[in-house]
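Listed below are the residues making up each chain.
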Amino acid sequence: MRLPGWTLSSGALILAAYLAGSAVLLIFFAYDKWHDYRHHLAEIERAVSNDATVLAEHTASTLEAVRRTLWAAGRLRQEAGFRDLSEAEVARHVATLQQGAPVFRAIGWLDRDGRYLWSGGEDLPDPLALIGGDALQAAERDWRAAGRAELPILGIASPVALDGAAGWQLAAFLPAINPAGRFEGLLVGDIDPAYFARVYGSVARGDSDVETLFRGDGTILLRRPADDGLIGTSLAGRPFVTEVLASAPDGSFHAFGLGDQQPRIIGFATVPGSDLVVTLARRRDEALAGFHGALRDGAVRTGLVILVFGAGAGYLSRQMRRREQLARDLKGSEARFQDFAAASGDWFWETDRDHRLTWVSRHAGAGIDPDDRALGRNPIDLIDPGNVSPQAMAEHLATLKARQPFKRFCYARTIDGRKHWLMVAARPVFDEDGTFLGYRGSGRDITAMRRAEIQLQEAVDAIPGDFILFDHDGRLAFRNRSAARTTGSMGSMARLGDRMEDILRRGIDAGELLDAADDPEGWIAWRLQRHRGSGHTTLIRFPGGVTEVIERPTADGGVIMLCFDVTEREASRAALREARDAAEAANRAKSDFLASMSHELRTPLNAIIGFGQMLELDQPGTLTERQKEYCGIVVRSGGHLLRLVDDVLDLAGIEAGRLALTEGSVAVPDLFADAVATVQQDAQRQGVVIEPLPAVSLPDLAGDRQRLSQVLINLMSNAIKYNRPGGSVGLAASMPDEYRVRITVRDTGIGVAPEKAAQLFTPFQRLGAEFSAVEGCGIGLALSRRLVEMMDGRIGYQARPGGGSLFWFEIPVLASPAAAEIAAGMPQPRRGSRALAGGFSLLCVEDNPVNLGLIQQIMATLPACRMLSTQDGATGLELARAHGPDVIVLDLHLPAMDGYAVLQRLQEDPATAVIPVIALTSAAMPADVERGLASGFFEYLTKPLDIGLLLAAIDRALRERRSDSLAG
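From a predicted model like this one, the values you see are computed outputs, not experimental measurements.

**Digging into the overall build of the protein chain**
Piece 1. Secondary structure summary: the protein chain contains 23 helices and 34 strands in total.
Piece 2. For the protein chain, with 968 residues in total, the buried portion stands at 41%.
Piece 3. When the accessible area of the protein chain is evaluated, it comes to approximately 51,500 Å², of which 54% is carbon and sulfur surface.

Put into structure tokens, the structure is as follows:
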């Protein structure tokens, strides 16, 4: 079904038909039930109206009996007067008359003068109470108004509720007329409501039917079931009186019940011969109960029919949607196949059982002749002769004869003068009975791939080495021409289809693999593990040289192997290793020589400087001024020689990469102050003025405080040595950028010749000063440059206009101001020093008598000090255990047991482990210092001995031991 702009599927049409049918069925059902409802309602209305008419007729009959009974009572009254009956006889006759009229509870008469005769007992009201005080006058007036009829109209009094009486009272009356036609009173009867209830109940059909007797003015006279709240009330002015009764004497209408307010169908009829009206009210739901039951049954049946049809429609709709979806899927698959076939480089074809082409896809391209010229021909006939090996052709024909599938069959065809390489694959087709129908297959033009293979072969053959490819099964699948050599390569031992293990065993059997000579099986296992790994490079020795084998895995599980002859490279590497070993041996020899020289130089310098310092003290006061001057020269010369030794050792340590720096925070003002304090005496002796230090506010430097101080002191010492008498030296600091601080040292000296400035920082170059009286060896600037560069800095020189020199160096600023401070040098003993105060014991273990004597002289200057000494470590251990000295000074180079062994024994013994041990040795290399402190020495002092440093170290040792004892 197609509508303008939209289409409905079959499933949707089924659902639409189901909905339309359901709607029609519901409409017919609703119309039928509405018609049944109207008919049923009309029947009920007629039945109710008929029942009301029957009640009216019964009421008329009952009222006629009431009138006749009252008329008989009137005749009895007249006869009693004629026959002069006694009152008792009259009462007996009245009672007999009342017993024959069950509608009355009592009857009698009421005279005009108020006297009455009544058949009721004391429990019943008298007639006057029933009909009211003005009833006589009203009845006479109505009788006269009616023309003094001989047969008066029966009157019904309004219901009254009397005290002491149960329920409402209803009375009927007739005028009493004598034979002369005069009005003498009223004949009265007390009507029994139960009688009417029985009469009405005999006609009622519903359990909740309500029957009511009305007077013409709308007053309710009787009601079944009784309702005291309604009897005696008037409906005058209501639609029932003003409209319903006014329109017809009988009929039916719908209204709510007076008592229960339930919807009711009400039938009414006028009582014949009176103005009374009887109504019968039947509850609507009870009257329509049968219809409602039939409606429910019909609705259930209709619903079940709709559900059944709905289930069937749903099932049909799902089946139709499924079929439509299958059709769409099939159509989409067909379209996708067409698109894939059109977009791919392949074509598709079919043959019959005789292998003749019956169908070729339109996009076959160059693979098939144009204009379907190949149809009807055998594809074998289309192959160019000589392009397929006889073995491959025979295998292919055997496959076709056996009607088996095949793939990757390659051949060449010449089409329109151009040669094409093609590759085809196919599967046989059989019908349900297993009869062979032909082949269905695909083809691909692989001309470009074939040309690429040829180019790849040429490129691989051009590789200056062996190229070998193993497939995912571990078999050799390809190799270049270089790999086909007969000797000296992995490729020479390989054959197409070989596994790696086969190649290795063939090489071992031929004696080609020298590395496998000792353990062939172990070497093969190791080699196979590397071959199958994630990629390794292996050196393999052949009789003719060395081959480097590089192996890498491929994505499909194969392995690519590249083999290169690296015989010359390995020979060069061997030569380099030998040269490196020789250089390292020479470097170690140099280090050993420097360490030995340091020891041999520091030992005599220790005595020279130490005793020179002792003589300078001149405590006895026996030296002349000339002798003191000589002592100063000795001490200064020894210090100069010591600095030369230190500089040479530092330079050697830097070149060997063994000099370690301790980076920390260095304040520029402190650096200036320390340097000036160090060179101040030299400047005074040379007659050179050091300009006042500038006030600087710069970031701290990031460097080794000791080495920075060493560089600055070196530059200032040169500025003093090469200055003129009366000259000056100045310091300055600035920041060329936010990352560096530049420190400059300027002087007014002789300066540097421009042609020699380039050699300033070359070791052992003094630029002609070696022929002057200025002492030096030419390594200070070279050492300074190395130290500055180790701290990521720069150093330079520039000539000053008018003479003099300006040296500068730049050091990076500290990244964080909270960096740890680095101590610059060793502190001197301070005032209040415990070492200077004396009163302690010291053990000195020193094998050199001169050095031992020097320490004895130093200790002799301190009051109340006890010194123990020995020249070997074993005796020193015994003295330490026996006397427990406060401090131990220990040399490292001792006979039989060196200082480290002595230190270890002291630390292992609880009695001596707490004694601070100060190392005093000529082993001054940076590595020696680090090792000593790491081993547990309290301080590490190097020779020649500085008395101030020794006393400062003793002072710290005494204070620390005292604090430990107090804490313990």
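Having put the structure on the table, let's press on.
**Brief notes about the packing of helix α15 (residues 668–686) against helix α16 (residues 705–721)**
Piece 1. Running from N to C, α15 and α16 point in directions that differ by 30°, and their axes come no closer than 9 Å. In terms of axis orientation, α15 runs roughly parallel to α16. Pair α15 / α16 crosses with right-handed handedness. For the pair α15 and α16, contact is made by Asp670, Leu671, Phe672, Asp674, Ala675, Val676, Thr678, Val679, Asp682, Ala683 and Gln686 and by Arg705, Leu708, Ser709, Leu712, Ile713, Met716, Ser717 and Ile720, respectively.
Piece 2. Looking at side-chain class alone, the contact of α15 with α16 contains 11 nonpolar, 4 polar and 4 charged residues.

**A closer look at the nonpolar core**
Piece 1. Core analysis: the biggest nonpolar cluster contains 46 residues, and Leu70, Phe104, Leu154, Ile156, Ile191, Leu213 and Val271 have the highest contact counts within it.
Piece 2. It is helix α1 (residues 10–83) that contributes the most residues to this core, 13 residues altogether.
Piece 3. Those residues in contact with Ile191 that sit more than four places away from it in its chain are Val103, Phe104, Arg105, Ile156, Leu170, Ala171, Ala172 and Phe196.

**Structural notes on the UniProt feature "modified residue: 4-aspartylphosphate" (unreviewed entry) in the protein chain**
Piece 1. Feature annotation in UniProt places "modified residue: 4-aspartylphosphate" (unreviewed entry) on Asp891, given in this structure's numbering.
Piece 2. By the secondary structure assignment, Asp891 is in the loop between β32 (887–890) and α21 (899–908).
Piece 3. Judged by relative accessible area, which is 2%, Asp891 ranks as buried.

**Some details on the sheet that holds strand β19 (residues 476–479)**
Piece 1. If you trace the 5 strands from one edge of the open sheet to the other, you get β19-β18-β22-β21-β20, paired in antiparallel fashion. The open sheet has two edge strands, β19 and β20 (536–542), and neither has a second partner. Each neighbouring strand pair of the sheet contributes to a mean axis angle of 25°, computed without reference to strand direction.

**Examining the pattern of salt bridges**
Piece 1. Inspection of the entire model under this criterion finds 35 salt bridges.
Piece 2. With its nearest N and O atoms 3.2 Å apart, the salt bridge here joins Arg505 to Glu501. Of this pair, Arg505 and Glu501 both sit in helix α11 (residues 500–509), 4 residues apart, which is roughly one turn of the helix.
Piece 3. Note on Arg505: relative accessible area 31%, which makes it partly exposed.

What counts and how
- Residues numbered from 1 in each chain as written.
- Predicted model: local features only at pLDDT ≥ 70, side-chain atom pairs only at ≥ 80, totals over all residues.
- Heavy atoms only, no water.
- Helix = DSSP H or I, 4+ residues; strand = E, 2+ residues; numbered from the N terminus.
- Buried < 20%, exposed > 50% of the residue type's maximum accessible area, 1.4 Å probe, protein only.
- Areas by Shrake-Rupley, 256 points an atom, 1.4 Å probe, with all protein chains shown as cover.
- Axes fitted to C-alpha atoms, helices over the stretch in contact; angles between N-to-C directions.
- Parallel < 35°, antiparallel > 145°, perpendicular 65-115°, else oblique.
- Left-handed = near helix turned anticlockwise from the far one by under 90°.
- Contact = heavy atoms within 4.5 Å.
- Nonpolar A, V, L, I, M, F, W, Y, C, P; charged D, E, K, R; others polar.
- Core = buried A, V, L, I, M, F, W, Y, C linked by side-chain atoms within 4.5 Å.
- UniProt positions renumbered as here; feature names shortened; annotations may be inferred.
- Pairing = 2+ DSSP bridges.
- Salt bridge = Lys/Arg side-chain N within 4 Å of Asp/Glu carboxyl O.

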